[in-house]
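Listed below are the residues making up each chain.
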Amino acid sequence: MGYIEPAPIKDKENPLESMMSRFDAAARLLGISTEMYDILKVPARQVIVGLPVTMDDGSIRVFEGYRVIHSNILGPGKGGIRLDPGVNLDEVRALAAWMTWKCAVVDIPYGGAKGGIACNPRTMSAGEIERLIRQYTVAMLDVIGPDRDIPAPDMGTGPREMAWIVDEYSKSKGMTVNSVVTGKPLVLGGSLGRTEATGRGVTVAALAAMDKLRMNPYRTTAAIQGFGNVGSHAADLLHERGVTVVAVSDITGGYYNAAGIDITAAITYRNSIGNGTLEGFIGAEKITNEELLSLDVDVLVPAATEDVITEDNAGSIKARMIVEGANGPTSASADDIINSKGILVVPDILANAGGVTVSYFEWVQNRIGYKWTLDRINRRATRVMKDAFDRVFETSQKYEVPLRLAAYIVAIDKVASTYKYRGGY
Ligand code: NAD
């Protein structure tokens, strides 16, 4: 059977390989057949397009664009579009699979997909990026669609790019179809609550996990790595729920205050200094990102980037719980060390799924032509996250495995059993 031998762990781990090795482990535990393993592993559709774009100097450059629908068993594909010079089919394929498991674990009716264009948006003008995005949309007209595959922002894209996709797609259909993407500007059918949705979901997952460990938020300390969209909202909301956030960090380093960081002041400071960092923030002692990871706190939230907890530093982590706001912050080789220390890890595909959940709500609102209140969105997203947490927790008890493996078991089981009902030939 294809999944009997897990891939050997390399010196420098690739987070996507880490994800696949956990997928393999969960598939083994579930005892799925080789046939089903292949069905779940091989993408449903992979598209590569050449995108000629007229640059500002009048020359024409051809970019390569990708879209992979890993699975459409549960519903239309769902996943972001990444603009980065390093984008390639392999990466897009793995990120698409990641989306399949994330959507399945929170039980939203989507498959998994991902797109990308190999380009450097930092060296391109807004006009060049707009022409590139419009070309990509036209090239993908028979791939994307509200019932087929719904893109969203990822690295290098945001609401601006989503608006261009809506416009180009709508022109081709002769009517406005804003449900073709999520992460749109509010005026074009974006959802209230989307910006803070991932950090809010991280908070819900953290509180649910604290509850299981009988930890009182008011007597709990947390350290949060990354003070961008996910990290700063998680910090703010954890603080609001009584948790003392003693350290935060960003690319400029860590900021520590044993009495608790004033999160509102930190966010105001970050928004005021122009480059979006905490550089020069007073009211905290400067530490390194590495020191933040090994602080003596109750909860550690890696919400910056991938592969920050590895076999080299996992041994020094003192937190009782890790809640993964980022995608792939823990390498597979660190799992055993963390598990042997009895640290509870709420894995990325569960902990940061609040974002895709509210993206799903955006699509639902677009389709029913109605705008929900922020309160309704937050209540429903909280319920989705809590239900998903409970499902994963029960599965971890049933199989006697850590939450990470349990999350993959829940996701794989959901997709595999849906496939069985639908049948194939
Ligand atoms: P962001 O760009 O808004 O913020 C990233 C933050 O991390 C910044 O404060 C940055 O300075 C810091 N950072 C970057 N590299 C770092 C490093 N090496 N060490 C310490 N800090 C570093 O990004 P975001 O949207 O908050 O995303 C953070 C993570 O969460 C990513 O892994 C992303 O894939 C994941 N994620 C985001 C969302 C979402 O809705 N934004 C959803 C799911 C997962």
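Since the model is a prediction, treat every value here as computed from it, not as a measurement.

1. A closer look at the sheet that holds strand β1 (residues 45–54)
Part 1 of the reasoning: Taken in spatial order, the five strands make up an open sheet running β1-β2-β4-β3-β5, and their pairing is mixed. Every other strand in the sheet has two partners, leaving β1 and β5 (149–153) as the edge strands with one partner each. The mean angle between the axes of side-by-side strands here comes to 25 degrees, regardless of whether they run parallel or antiparallel.
Part 2 of the reasoning: This element, helix α4 (residues 126–139), spans β1, β2 (60–71), β3 (77–84) and β4 (112–118) of the sheet and lies at about 140 degrees to β1.

2. Details of the domain arrangement of the protein
Accessible area lost upon the coming together of the parts serves often as the stated size of an interface.
Part 1 of the reasoning: Split into domains, the protein comes out as domain 1 (45–178) and domain 2 (197–351).
Part 2 of the reasoning: For domain 1 versus domain 2, the distance between C-alpha centres works out to 31 Å.
Part 3 of the reasoning: Listed per partner, the contact involves four residues of domain 1 and five residues of domain 2.
Part 4 of the reasoning: Carbon and sulfur atoms supply 68% of the area buried between domain 1 and domain 2, which totals about 460 Å² over both sides.
Part 5 of the reasoning: Three residues stand out in domain 1 for area buried against domain 2, namely Trp98, Lys102 and Val105, and they jointly supply 83% of the buried area on that side.
Part 6 of the reasoning: For the pair domain 1 and domain 2, the interface holds zero salt bridges.
Part 7 of the reasoning: Where domain 1 meets domain 2, there are one residue pair in polar contact (both at pLDDT 80 or more).
Part 8 of the reasoning: Classifying every residue of the side of domain 1 that touches domain 2 gives three nonpolar, no polar and one charged.

3. Thoughts on the confidence of the model for the protein
Part 1 of the reasoning: Averaged over all residues, the pLDDT of the protein equals 95, while 97% of them reach at least 70.
Part 2 of the reasoning: pLDDT under 50 marks residues 1–11. Its contacts with residues more than four places away, or in other chains, come to 16 contacts.

4. Remarks on unusual backbone geometry
Part 1 of the reasoning: A positive phi angle, near 60 degrees, is found at Asp107, a position not held by glycine.
Part 2 of the reasoning: Considering the arrangement of structural elements, one finds Asp107 in the loop between α3 (89–105) and β4.
Part 3 of the reasoning: Judged by its relative accessible area of 39%, Asp107 is partly exposed.

5. Some remarks on a nonpolar patch on the surface
Part 1 of the reasoning: On the surface, a cluster of nonpolar side chains totalling about 220 Å² of accessible area is made up of Leu186, Leu192 and Leu374.
Part 2 of the reasoning: Checked against the element boundaries, Leu186 lands in the loop between α5 (159–173) and α6 (194–212).
Part 3 of the reasoning: Given the relative accessible area of 45%, Leu186 is considered partly exposed.

6. Thoughts on the site of the ligand
Part 1 of the reasoning: Taken together, 18 residues form the shell around the ligand, and within it Thr198, Phe227, Asn229, Val230 and Ile251 come nearest.
Part 2 of the reasoning: Phe227 places a polar main-chain atom, nitrogen or oxygen, 3.0 Å from an oxygen atom of the ligand.
Part 3 of the reasoning: Gly228 is positioned such that a nitrogen or oxygen atom in its backbone is 3.2 Å from an oxygen atom of the ligand.
Part 4 of the reasoning: Burial of the ligand by the protein amounts to 68% of the accessible area it has alone, namely 830 Å².
Part 5 of the reasoning: Only α6 and α7 (229–240) provide two or more residues apiece to the shell around the ligand.
Part 6 of the reasoning: A class-by-class count of the residues in the shell around the ligand yields six nonpolar, nine polar and three charged.

Conventions we followed
Residues numbered from 1 in each chain as written. Predicted model: local features only at pLDDT ≥ 70, side-chain atom pairs only at ≥ 80, totals over all residues. Heavy atoms only, no water. Pairing = 2+ DSSP bridges. Helix = DSSP H or I, 4+ residues; strand = E, 2+ residues; numbered from the N terminus. Axes fitted to C-alpha atoms, helices over the stretch in contact; angles between N-to-C directions. Contact = heavy atoms within 4.5 Å. Domains from an automatic or database assignment. Buried area = accessible area lost by both parts, 1.4 Å probe. Salt bridge = Lys/Arg side-chain N within 4 Å of Asp/Glu carboxyl O. Polar contact = N/O pair within 3.5 Å; in protein donor to acceptor, adjacent residues only side chain to side chain. Nonpolar A, V, L, I, M, F, W, Y, C, P; charged D, E, K, R; others polar. pLDDT = per-residue confidence, 0-100. Buried < 20%, exposed > 50% of the residue type's maximum accessible area, 1.4 Å probe, protein only. Patch = residues over 30% accessible without salt bridge, like charges linked within 9 Å, V, L, I, M, F, W, Y side chains within 5 Å. Areas by Shrake-Rupley, 256 points an atom, 1.4 Å probe, with all protein chains shown as cover. Near = heavy atom within 4 Å.

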